[in-house]
Amino acid sequence: MTDEAAAERDSRAMASPAPDRGFWGRLTGWGPYHALMRVATASPRRQFLILAAFPLLWVLTQHLGPMLQMLRVSLTDAYPVAPGVEQDFTLENYARFFGDSIFWMPFFRTLIFAGVFTFCTLIITYPVAYFLARHVSRKNQMLFLLILLIPFWVGEIVRTYAIMILLGNTGAVNLVLETFGLIDRPIPFMYTSFSMGVGIVYLTALYMLLPLYSALEKLPKSMNEAAADLGAGAWTRFRRVSLPLTIEGISSGCTLVFLISTGFYATPVLLGGPSTTVFAETIAGFFHVAGDEWPTGAAFATIMFVAALFITTAFQKLMKALRKGEK
């Protein structure tokens, strides 16, 4: 009797309709889908191509594409082209930069400012990253990182105006100095290289902090402890152990900050003065006038991009040589 009951239950289960598995459930059970997946994932190279297809497409269309378009515009005599007018390609836009020294000052000023501000950002953020990675417990590190990240949720313009309020004649800095009797009249911080530097360092600190924190967090504490056991002082341990082993983080952070600093426009306009005009303002000036000046602006932007890329490549090679020297 028991066998008959079990057979009856099995027959009922087979006769009952299968539950609806939804679209994805039906798709995974479809024969052609299985065949396609077997072909697509037959080798590690095909798997990599499938995973990298969207990122590569994004880079080509959203990054490389606009740069190539800018390069193409820089080689034309006018853009956009008026109807019925033939477009000619020329190098006069590049010759204009090399032939007129008035453009050299903002160009070299931008590169010098970017290098100095990058170094200042490194000096300021390295102790913060070191404290966060080495002296804060792991369960609190994410909380501290979140606190440091909160200001960066606000746009660049808003943070720049915050610096203006801070450094103004009636700003917090001057009020504190006046309260303690250190000054009799407000110090004109605004519209100087100092105010622009404070703004750029503040805006780029995160891009330096995260690579440094990542490098320091991976550094084994036992290495510093072993150096201390061998008699090395705090400065020696930092110079011979921590610093060499975090060169990769320093290299990544400095590269990011330098490249970003060369392209800032709004912050130098709002915080800088006539003596701090950067190359981005010069480039923008060509795009604010008639279209026949756009190719010149594109050429100048290309020159700045190539120069910044050349400097960062040389810096990366230097850091690589230092890493090899330490080994």
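Residues numbered from 1 in each chain as written. Predicted model: local features only at pLDDT ≥ 70, side-chain atom pairs only at ≥ 80, totals over all residues. Heavy atoms only, no water.

> Help me understand unusual backbone geometry, please; the structure alone is not making it clear to me.
Peptide bonds are mostly trans, and most non-glycine residues show a negative phi. Of note, the phi angle at Y191 is positive, near 60°, even though the residue is not glycine. Structurally, Y191 can be placed in the loop between α9 (172-179) and α10 (193-217). A relative accessible area of 49% means that Y191 is categorised as partly exposed. (Helix = DSSP H or I, 4+ residues; strand = E, 2+ residues; numbered from the N terminus. Buried < 20%, exposed > 50% of the residue type's maximum accessible area, 1.4 Å probe, protein only.)

> Sorry, what's going on with the nonpolar core here?
Taken as a class, soluble globular proteins show a tendency for nonpolar side chains to be buried jointly. With 17 residues, the main nonpolar core has F97, F107, F279 and F300 as its most contacted residues. Of all the secondary structure elements, the ones that give two or more residues to this core are α5 (92-99), α6 (104-134), α15 (279-287) and α16 (294-326). Residue contributions to this core peak at seven residues, all from α16. Membership of the second largest hydrophobic core comes to 16 residues, among which are F113, I163, L203 and L271. (Core = buried A, V, L, I, M, F, W, Y, C linked by side-chain atoms within 4.5 Å.)

> Explain the packing of aromatic side chains here, please?
In this description, a pair of aromatic rings is defined by centroid distance and the angle of the planes. For the structure shown, the criterion picks out 18 aromatic pairs. Ring centres of F287 and W294 lie 5.9 Å apart, and the angle between their planes is 50°; on these two criteria the pair is classed as tilted. A relative accessible area of 29% means that W294 is categorised as partly exposed. Feature note: the residues F97, F98, F103, F107, F108, F279, F286 and F300 constitute an aromatic cluster, connected by ring pairs. (Phe/Tyr/Trp six-rings, centres within 6.5 Å; stacked < 30°, edge-to-face > 60°.)

> What am I meant to see in the side chain of T312 here?
Following the sequence through the fold, T312 ends up in helix α16. The class of T312 is buried, set by a relative accessible area of 6%. At 2.9 Å, the side chain of T312 forms a polar contact with the backbone oxygen of A308. The residues touching T312, leaving out its near neighbours within four places in the chain, are T255, F258 and L259. (Polar contact = N/O pair within 3.5 Å; in protein donor to acceptor, adjacent residues only side chain to side chain. Contact = heavy atoms within 4.5 Å.)

> Explain the pattern of salt bridges here, please?
In a structure, side chains of opposite charge can pair up when their charged atoms sit close to one another. Counted by the stated rule, this structure contains two salt bridges. The partner of E293 in a salt bridge is R96, with the nearest N and O atoms 2.9 Å apart. In this pair, E293 sits in the loop between α15 and α16 while R96 sits in helix α5, placing the two residues 197 residues apart along the sequence. For R96, a relative accessible area of 33% corresponds to the partly exposed category. Measuring nitrogen to oxygen at the nearest pair gives 2.5 Å for the salt bridge that ties R138 to E217. Separated by 79 residues along the polypeptide, R138 in helix α7 (residues 138-149) and E217 in helix α10 bring together distant segments of the chain. (Salt bridge = Lys/Arg side-chain N within 4 Å of Asp/Glu carboxyl O.)

> Looking at this structure, how should I read empty space enclosed by the protein?
Over the atoms a probe the size of a water molecule is rolled, and this reveals where empty space is left. Applying the stated criterion to the full structure yields one cavity of 30 Å³ or more. Put simply, the largest cavity is a space of about 50 Å³. Take the lining of the largest cavity: its biggest share by element is four residues, from α6. Of the residues assigned to the lining of the largest cavity, the class counts are seven nonpolar, two polar and no charged. (1 Å grid on protein atoms, 1.4 Å probe; cavity = no way out; pocket = protein on both sides within 12 Å on 5 of 7 lines; lining within 4 Å. Points joined across faces, edges and corners; volume = space filled by probe spheres on them. Nonpolar A, V, L, I, M, F, W, Y, C, P; charged D, E, K, R; others polar.)

> Before we go on, may I ask you to explain a negative patch on the surface in this structure?
On the surface, a cluster of negative charge is contributed by D77, E86, D88 and E92. Positionally, E92 belongs in helix α5. Relative accessible area serves as the criterion here: at 60%, E92 is assigned to the exposed category. (Patch = residues over 30% accessible without salt bridge, like charges linked within 9 Å, V, L, I, M, F, W, Y side chains within 5 Å. Areas by Shrake-Rupley, 256 points an atom, 1.4 Å probe, with all protein chains shown as cover. Lys, Arg positive; Asp, Glu negative; His and termini not counted. Charge placed at Lys NZ, Arg CZ, Asp CG, Glu CD.)

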